[in-house]
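# Architecture at a glance
Here are the chains, one letter per residue:
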Amino acid sequence: MKAAFIKSHGDLEQLKIGELDAPQIKPNEVLIKTEFSALNHIDIFIIKGWPGLSLEMPHILGSDGSGVIKEIGSAVTTVSVGDRVTINPGLSCGKCYFCLSGKQNFCKNFSIMGENQWGTFCEFFKVPEENALLIPKDFSFELAAAAPLTFLTAWRALTTQANLKREDFVLIHGAGGGVSTAAIQIAKYLGAKVITTTSDSNKKKKAEELGADYVINYKENRDFGKTIYSEITKKKGVDVVLDSVGRDTFQNSLRLLRPGGCLVSPGATTGAISEIDIRQIFWKQLKVVGSTMSNQREFREVMTLIFQKKLKPIIDKVFPLNEVREAEKYLKEGSQFGKVLLKIN
Ligand SMILES: [Zn+2]
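Before going into details, it helps to say that this report is about the structure given with it. Note that the structure is a prediction, hence the values are computed from the model and not measured.

## Structural notes on the sheet that holds strand S12 (residues 193–198)
Strand order in this open sheet of six strands is S13-S12-S11-S14-S15-S16, and the pairing throughout is parallel. This sheet does not close on itself; its edge strands, each paired only once, are strand S13 (214–217) and strand S16 (287–290). On average, adjacent strands in this sheet sit at an angle of 20 degrees to one another, irrespective of strand direction. Note: strand S11 (residues 169–172) against strand S14 (residues 238–242), three bridges, orientation parallel.

Below is the structure:
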């Protein structure tokens, strides 16, 4: 089958297109003929590699994907050959204490599609049966591939972890990213007041169209923290910050929270090491919570809202599989608004 893979870690030049054997399924797994895959920042981190990441090469990337079930394992009972599906990209053992408690993303063996097992940037990929989710008839493969990773991440972060409520002020950094475009919609769905930031006037308009109440251009407004604190929240501070930016924004996020507010961190795209003023945390009695992917219940909750068209994945651009390197470069440059997809078939 045709696949996008790496043979060693490094820069985007390591990403190659070539022929590999399709994966062999186990009794509890299904083989999916891919229609669309979606890019995520984790692709770039995996290509680069990190200490402790040891992959068998060649390695196929890709965490999100949709398609048609081509083959099922002997123990599979809930889906059939020919079913249209998307996937939960979070993989866990299914047997440990955490998995049995419905906390799959706490599993010692938790990993993401394309991280420790071959991903979706290829003509056929496999997942355990419980990770396949049927797509309604009137729902496109394109939207079904665009949604899972970013929406389940934003859903868990804002609901379970940050407990965002109606009328709360929530600050979502960087309006154009996949998690941010999901989070803006989810926050509005929950009845919160959304403040978001961008450096681009075109993205500002698009964020407003998505429902953001306040969109701040941080290149034009260097002192945007003051705008948020004094003008928007009337010196109260924000109730919740969703900070997936990390190093560049973390300290400012803590500063902008009201006493008792919550910073939720689902990632750190600009860097993971940051200096913070710990007084902000104890004096204001802040909650700083992490969030990684989601459990199966949260995945299904948010996908139901997407299938009901209450939340809509935003697709910026679709590339053919052959142009995967250009697609990753485009994602890395950060000029997109929403998801970047690969069309496989
Ligand atoms: Zn487990």
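From this point on, the discussion continues.
## Structural notes on the coordination of the zinc ion
Around the zinc ion, the protein contributes the donor atoms Cys-93 (SG), Cys-96 (SG), Cys-99 (SG) and Cys-107 (SG), which lie 2.3 to 2.4 Å from the metal centre. One can describe the site at the zinc ion as tetrahedral: its four donor atoms subtend angles covering 106 to 115 degrees at the metal. All donor residues of the zinc ion come from one chain, and their arrangement in sequence is C-x2-C-x2-C-x7-C. Note on accessibility: Cys-99 and Cys-107 belong to one class, buried.

## What about the pattern of salt bridges?
In total, this model carries 14 salt bridges according to the counting rule given. Here Lys-236 makes a salt bridge to Asp-239, at a shortest N to O gap of 3.1 Å. Here Arg-279 ties to Asp-277 by a salt bridge, and the two come within 2.9 Å at their closest N and O atoms. Through salt bridges with shared partners, a single network forms among Arg-156, Arg-297, Glu-298 and Glu-301.

## Section: helix H7 (residues 224–232)
Each α-helix turn comprises 3.6 residues. Residues three or four places apart therefore point the same way. By the burial criterion, the buried members of H7 are Phe-224, Gly-225, Thr-227, Ile-228 and Ile-232. Considered in projection along H7, the buried side chains sweep an arc of 165 degrees and stay on one side of the axis. The elements touched by buried residues of H7 are S11, S12, S13, S14 and helix H8 (250–256). One or two steps after H7, the chain reaches Lys-234, where phi turns positive at roughly 50 degrees.

Here is what the cut-offs are and how they apply
- Residues numbered from 1 in each chain as written.
- Predicted model: local features only at pLDDT ≥ 70, side-chain atom pairs only at ≥ 80, totals over all residues.
- Heavy atoms only, no water.
- Pairing = 2+ DSSP bridges.
- Helix = DSSP H or I, 4+ residues; strand = E, 2+ residues; numbered from the N terminus.
- Axes fitted to C-alpha atoms, helices over the stretch in contact; angles between N-to-C directions.
- Donors = N, O, S within 2.8 Å, 3.2 Å for Na, K, Ca; no water.
- Tetrahedral: all angles 85-135°; square planar, octahedral: opposite > 155°, others 65-115°.
- Buried < 20%, exposed > 50% of the residue type's maximum accessible area, 1.4 Å probe, protein only.
- Salt bridge = Lys/Arg side-chain N within 4 Å of Asp/Glu carboxyl O.
- Arc of directions from axis to C-beta.
- Contact = heavy atoms within 4.5 Å.

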